[in-house]
Amino acid sequence: MTEQRPDPDRLLDAIRQEEAAAQRGKLKIFIGACAGVGKTYAMLQAARQKQAEGVDVLIGAVETHGRSETAALLDGLPMLPSRKLQYRDRLLPEFDLDAALTVKPALIVVDELAHSNVEGSRHQKRWQDVEELLSNGIDVYTAINVQHLESLNDVVGSITGVRVRETVPDRVFDLADEVTLVDLPPDELLARLAAGKVYLADAAERAAKHFFRKGNLIALRELALRRTADRVDAQMRAYRADRAIANVWQAKERLLVCVGPGGSAERLIRSAARLAAKLQADWIVVHVETPAQQRLPKHRREAMLAALRLAEELGGETAALAGTDPAETLAAYARSRNVGKLVIGHRQKPGWQRKLLPGLADRLAERAAELDLYLVGIDVQAPPPRPEPRTPIGTIAWRKHAAAVAVVAVTTALASALLTVFDLANVVMVFLLAVVLVAIRYGRGAGVTAACLAVACLDFFFVPPRLAFTVNDTQYLFTFALMLVVALIIGQLAARLRFEADVARQRERRAHELGRLSQELSAALTTEQIVGIAGERVLAIFQAKSAILLPDSHERVREAQTEEAPYRLLESDNSVAQWVYDHQQPAGQGTATLPASPARYLPLKAPMRTRGVLAVLANQPGLFDEPEDMRLLEACTSQIALALERVHFVEVAQDALVSMEGERLRNGLLATVSHDLRTPLTALVGLADTLADSQLGDATRRELTEAIREKAKGTAELVGKLLDMARLQAGAVQLRRDWQSLEEVVGSARRQLDTVLAGHKVLSHLPADLPLCEFDPVLIERVLVNLLDNAAKYTPPGSEIHIGAVSRSGSLRVTVEDNGPGLPAGREEKLFGKFERGESESALPGVGLGLAISRAIIEAHGGRMHAENRSEGGARFVFTIPQGTPPDLNDGDA
């Protein structure tokens, strides 16, 4: 093993990732082919082992399915009580996430990672609960079957005929810190099933005839083994990259196939596909884009791109690599992908050519000795190339060659001036510099022109005899030849440098555009914004028009309408988009499905489901031919799909919050109506029945009449509060502002509550010089009545209630405070919600609307209201309203 110095940037990034991982809990997943292999049993055994090591272990949720051996492992392990949630007509137990976060154990066991939570839970899926546990630094053990992985869901469904609805995104599985495969041979699993250790007798018999057929179990076992192996392979490649290990570790079979512009690319790809199938290996098809291939005829480039599309159809991965040396580029790419076998085409050459011009295989054998090379024979007599049409006169890039002539002419004039100071040998360097500049600026062809002209001008103008192409000294012929060779080599190197700079510039542009798209999409809050951003960025990146089609409630895709849509689909295009959405495969131009369509349609695949279809109409041909462009387009579709899914779940969360708030308010209203209305009405009926008794005396009748009046008054007050709250929310209350004295309003409120405040000491602290204030006296009186009533209700008899006011900065600040038990800690703001009570289980009368109504009245006046606990004990309610500008009395008198 050879290790090189790690990349500093990669090392810093790894350090940051390790620091972030140190704050996060560790996730261990126990995966199996199907139910009954022993995942939960192995998970509980591991948990007991951790408990024996002194780790704080808690069982959050475990399903034993009636298996006694599994249930026995729960003995001695602390269990977290489940949370009961109402679902339709019954209560269902659910994992209590809030309780787990409160307890915060070092390790918690949460079974069935793919479980869907009951409606009303914080998250829709249990894996989201697990992510929140991990983000709070809690280690988690969990279990999953392979059919619940999102990427394998359809594969398992096609094998077993059963499509499970509960899935887990593959990223959750891939980001696990540790994965343990729990494996059991199919025969042993079927024996456990027959013995009733998986399901009960009736269910086991049905399972054996359907899902648990031996062929299904073998296929599921292979899928579980392969998926686990893929994850281990990814870990190994990450390890090699972190430590800059150059040598290939052939832990997994992987082929790299190199194709060129020759006519045998398709044969090479088909041979590699058969080899990959025989070896059960992944295979990658690449072509190296060298400067020479940039000058290839169009039909040869199209043939090479067609070969890459064939590789994709046969199940291979494709990539386009840029480089000047194919051998060096292939070797570096093979090491980065941990490829152990390389397949290339080989054509027999004469012996002298093999010695003078070694082929790609010879150069690869020298530079990547650890790779296994597979040579596929290529026909020596390749089919004759299609004749290229003759380039019309006038279409040659004559401007570049004219520029080269001009540069050499200027250089000649400069050299003639320098010759008076420097020797001829030094002047030669000036011509070489001119050749380099021309090759960098105008390319290879212009560089060759400049090199030939530079030699000719040096001979004609500076070598004796001057103004003639003859030379007196034959040594100058060697100088001319050497200068021409050097000029040509330098020109080639400069052109190669320009090519590599152009490639780097294109890659930087792609990365920049993709990063900009991601940044803009991350700030989008609505679907309309995402559609607009996607259209703008696709147009900027690919110079192509685009449209996004989104599904409706019937799973029929329709074009998302925006104010400025750059591309409107034809009616016939919807059928193509619907096919793409249903089959989750690309279609349209450049594909094997409906290629006559003018646009390319790509499914917007997100982790949970396909969110729509992206239609792209290219303004120029060849957009869908280049693999690098298609990679960028696919990355854009992934970003758009993720943004659509994010917005969808934000809307779902908002709807859930609104629904939960509505449900809470409805329950509060029902509780109020059932208690605070039914109780006085029941009393009224009882009192009325008693009053109907003719044998009662006059004194008793008066007492009963007074009691009926009080109960009816309380009921009317309750209904009035409900109506007031409804009017305030509807904005139907109109303020009748008038200049009032606060002292009069306070006195009126106290008189209304004489009976309620009889057992309390009420003190008013109103300054004598308190100015008049402009407000609605009836509504402000209602606020004071509510605050004084609350103070009397929640403080013991004999308590003091203080009313104060002060004028400052154009506002009137009023306080109502007591020396009672105070407000519940942390709930000062929540008390202003509708149907909120200071004591949720209190038997005191009230509906929890008084403070909500009071705050709404104060805010209607343009003021603010809040509550707080006094430092010396008790509660304080404060509201502030604008004082207003008093009228000018002198103007009124006039």
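Residues numbered from 1 in each chain as written. Predicted model: local features only at pLDDT ≥ 70, side-chain atom pairs only at ≥ 80, totals over all residues. Heavy atoms only, no water.

Undergrad: Please explain the overall build of the protein chain as it appears in this structure.
TA: Helix and strand counts for the protein chain stand at 28 helices and 24 strands. Within the span of the protein chain, comprising 894 residues, buried residues form 40% of the whole. Partitioning the contacts of the protein chain with sequence separation of at least 6, the portion at a separation of at least 24 is 68%. (Helix = DSSP H or I, 4+ residues; strand = E, 2+ residues; numbered from the N terminus. Buried < 20%, exposed > 50% of the residue type's maximum accessible area, 1.4 Å probe, protein only. Contact = heavy atoms within 4.5 Å.)

Undergrad: Quick question: what am I supposed to make of the sheet that holds strand β24 (residues 875-882) here?
TA: Backbone-to-backbone hydrogen bonds pair the strands of a sheet. The strands run either parallel or antiparallel. Across the sheet, five strands lie side by side as β19-β21-β22-β24-β23; this open sheet has mixed pairing. Single-partner strands in this sheet number two, and they are β19 (761-765) and β23 (864-869). Each adjacent strand pair in this sheet contributes to an overall mean axis angle of 15 degrees, direction not counted. Across seven bridges, the pairing between strand β22 (residues 811-818) and β24 is antiparallel. Following the sheet pairing, V816 is matched in β24 by F877. (Pairing = 2+ DSSP bridges. Axes fitted to C-alpha atoms, helices over the stretch in contact; angles between N-to-C directions.)

Undergrad: What's the story with the environment of A322 in this structure? I'm lost.
TA: Within the secondary structure, A322 sits in strand β10 (residues 317-322). On the basis of relative accessible area, A322 is assigned to the partly exposed category, the value being 26%. Considering only alpha carbons, one finds A322 and V288, 34 residues apart in sequence, at a separation of 5.6 Å. In contact with A322, other than residues within four places in its own chain, are E289, T329, V503 and R507.

Undergrad: Would you mind showing me how to read the packing of helix α14 (residues 326-336) against helix α16 (residues 360-367) here?
TA: Between two packed helices, what matters for the description is the angle formed by their axes and the separation of those axes. Following both chains from N to C, one finds α14 and α16 inclined at 50 degrees, their axes separated by 9 Å at the closest point. Looking at the two axes, α14 sits oblique to α16. For the element pair α14 and α16, the recorded crossing hand is right-handed. Each of P326, A327, E328, L330, A331 and R335 in α14 lies in contact with α16, whose residues at this interface are L360, R363, L364 and R367. Of the residues assigned to the contact of α14 with α16, the class counts are six nonpolar, no polar and four charged. (Parallel < 35°, antiparallel > 145°, perpendicular 65-115°, else oblique. Left-handed = near helix turned anticlockwise from the far one by under 90°. Nonpolar A, V, L, I, M, F, W, Y, C, P; charged D, E, K, R; others polar.)

Undergrad: Sorry, what's going on with the nonpolar core here?
TA: Looking at soluble globular proteins, one finds that nonpolar side chains tend to be buried together. Core analysis: the biggest nonpolar cluster contains 58 residues, and F95, I108 and L133 have the highest contact counts within it. Apart from the residues lying within four places of it in its own chain, the contact partners of F95 are G60, A61, L80, A100, I108, V110, R126, D129 and L133. Judged by nonpolar contacts, the second largest core, of 39 residues, contains L753, L788, I803 and I853. (Core = buried A, V, L, I, M, F, W, Y, C linked by side-chain atoms within 4.5 Å.)

Undergrad: Explanation requested: helix α8 (residues 186-194) in the structure shown.
TA: Structural remark: α-helix, 3.6 residues per turn; residues separated by three or four positions point the same way. Restricting attention to buried positions, one finds in α8 the residues P186, L189 and L193. In an axial view of α8, the angular spread of the buried residues amounts to 65 degrees, which keeps them on one side of the axis. (Arc of directions from axis to C-beta.)

Undergrad: Which parts of the structure should I look at to understand the packing of helix α25 (residues 742-752) against helix α26 (residues 777-793)?
TA: It is at 9 Å that the axes of α25 and α26 come closest, and there the two elements cross at 50 degrees. With respect to each other, α25 and α26 are oriented oblique. In this structure, the crossing between α25 and α26 has a hand that is right-handed. The segment α25 lies against α26, with V745, V746, S748, A749, R750 and Q752 engaging P777, I780, E781, L784, V785 and L788. When the residues that make up the contact of α25 with α26 are grouped by side-chain class, the tally is eight nonpolar, two polar and two charged.

Undergrad: Please clarify how the packing of aromatic side chains should be interpreted in this entry.
TA: Aromatic ring pairs: the centre-centre distance and the angle between the two ring planes describe each pair. Within this structure, the stated rule accounts for three aromatic pairs. A ring pair is formed by F30 and Y141, whose centres lie 5.8 Å apart and whose planes are at 70 degrees; its orientation type is edge-to-face. Highlighted residues: F30 in strand β1 (residues 27-32) and Y141 in strand β6 (residues 139-145), separated in sequence by 111 residues. Ring geometry for F460 and F461: centres 5.0 Å apart, planes at 85 degrees, overall edge-to-face. Residue F460 is classed as partly exposed on the basis of its relative accessible area, which comes to 22%. Given the relative accessible area of 36%, F461 is considered partly exposed. Here the basic side chain of K28 rests over the ring of Y141, its NZ or CZ set 5.4 Å away from the ring centre. Sitting over the ring of F832, R855 keeps its end group 4.0 Å from the ring centre. (Phe/Tyr/Trp six-rings, centres within 6.5 Å; stacked < 30°, edge-to-face > 60°. Lys NZ or Arg CZ within 6 Å of the ring centre and 35° of its normal.)

Undergrad: Teacher, can you tell me more about unusual backbone geometry here?
TA: Backbone geometry places K104, a non-glycine residue, at a positive phi of 50 degrees. Along the polypeptide, K104 turns up in the loop between α4 (97-103) and β5 (107-110). In the Ramachandran plot, E555 falls in the positive-phi region, its phi being about 60 degrees despite a non-glycine side chain. Mapped onto the elements, E555 comes out in the loop between β13 (544-551) and β14 (557-559).

Undergrad: Explain the sheet that holds strand β17 (residues 610-618) here, please?
TA: Taken in spatial order, the five strands line up as β14-β13-β17-β16-β15 in an open sheet, and their pairing is antiparallel. Lying at the two open borders of the sheet, with one neighbouring strand each, are β14 and β15 (587-588). As paired strands, β13 and β14 are joined by three bridges and run antiparallel to one another. Across the sheet, the residue bridging to L549 is E559, located in β14. Sheet strands touched by helix α22 (residues 573-583): β13, β14, β15, β16 (600-605) and β17. Its angle to β16, the strand with the most contacts, is close to 40 degrees.

Undergrad: I keep staring at a nonpolar patch on the surface and nothing clicks. Help me out?
TA: Taken together, V485, I489 and L493 make up a surface patch of nonpolar side chains, about 270 Å² in accessible area. Examined against the element boundaries, V485 turns out to sit in helix α20 (residues 475-523). (Patch = residues over 30% accessible without salt bridge, like charges linked within 9 Å, V, L, I, M, F, W, Y side chains within 5 Å. Areas by Shrake-Rupley, 256 points an atom, 1.4 Å probe, with all protein chains shown as cover. Salt bridge = Lys/Arg side-chain N within 4 Å of Asp/Glu carboxyl O.)

Undergrad: What am I meant to see in the confidence of the model for the protein chain here?
TA: Predicted coordinates in regions of low pLDDT should not be interpreted in detail. Of the residues in the protein chain, 78% reach a pLDDT of 70 or more, and the chain-wide mean stands at 78. Across the protein chain, the secondary-structure element scoring lowest on mean pLDDT is helix α28 (residues 889-893), at 49, and the one scoring highest is β5, at 94. (pLDDT = per-residue confidence, 0-100.)

Undergrad: For this particular structure, what's the right way to read the pattern of salt bridges?
TA: Should their charged atoms come close, side chains of opposite charge can pair. For the coordinates displayed, the defined rule picks out 22 salt bridges. D325 is the partner of R363 in a salt bridge, and the nearest nitrogen-oxygen pair spans 3.5 Å. Taken together, the residues R363 in helix α16 and D325 in the loop between β10 and α14 connect sequence positions 38 residues apart. Given a relative accessible area of 25%, R363 falls into the partly exposed group. For the salt bridge of E555 with R609, the shortest nitrogen-to-oxygen distance reads 3.1 Å. Taken as a pair, E555 in the loop between β13 and β14 and R609 in the loop between β16 and β17 lie far apart in primary sequence, 54 residues in all. Linked through salt bridges whose partners overlap, the residues forming this network are E817, E868, R870, E872 and R876.

Undergrad: Quick question: what am I supposed to make of helix α27 (residues 850-860) here?
TA: In terms of burial, α27 is a largely internal element, eight of the eleven residues being buried. Here α27 has its buried residues at G850, L851, A852, I853, S854, R855, I857 and I858. Downstream of α27 by a residue or two, G862 has a phi angle that is positive, lying close to 85 degrees.

Undergrad: Could you clarify how one ought to interpret the side chain of T610 in this entry?
TA: Looking at the secondary structure, you find T610 in strand β17. What makes T610 buried here is its relative accessible area of 6%.

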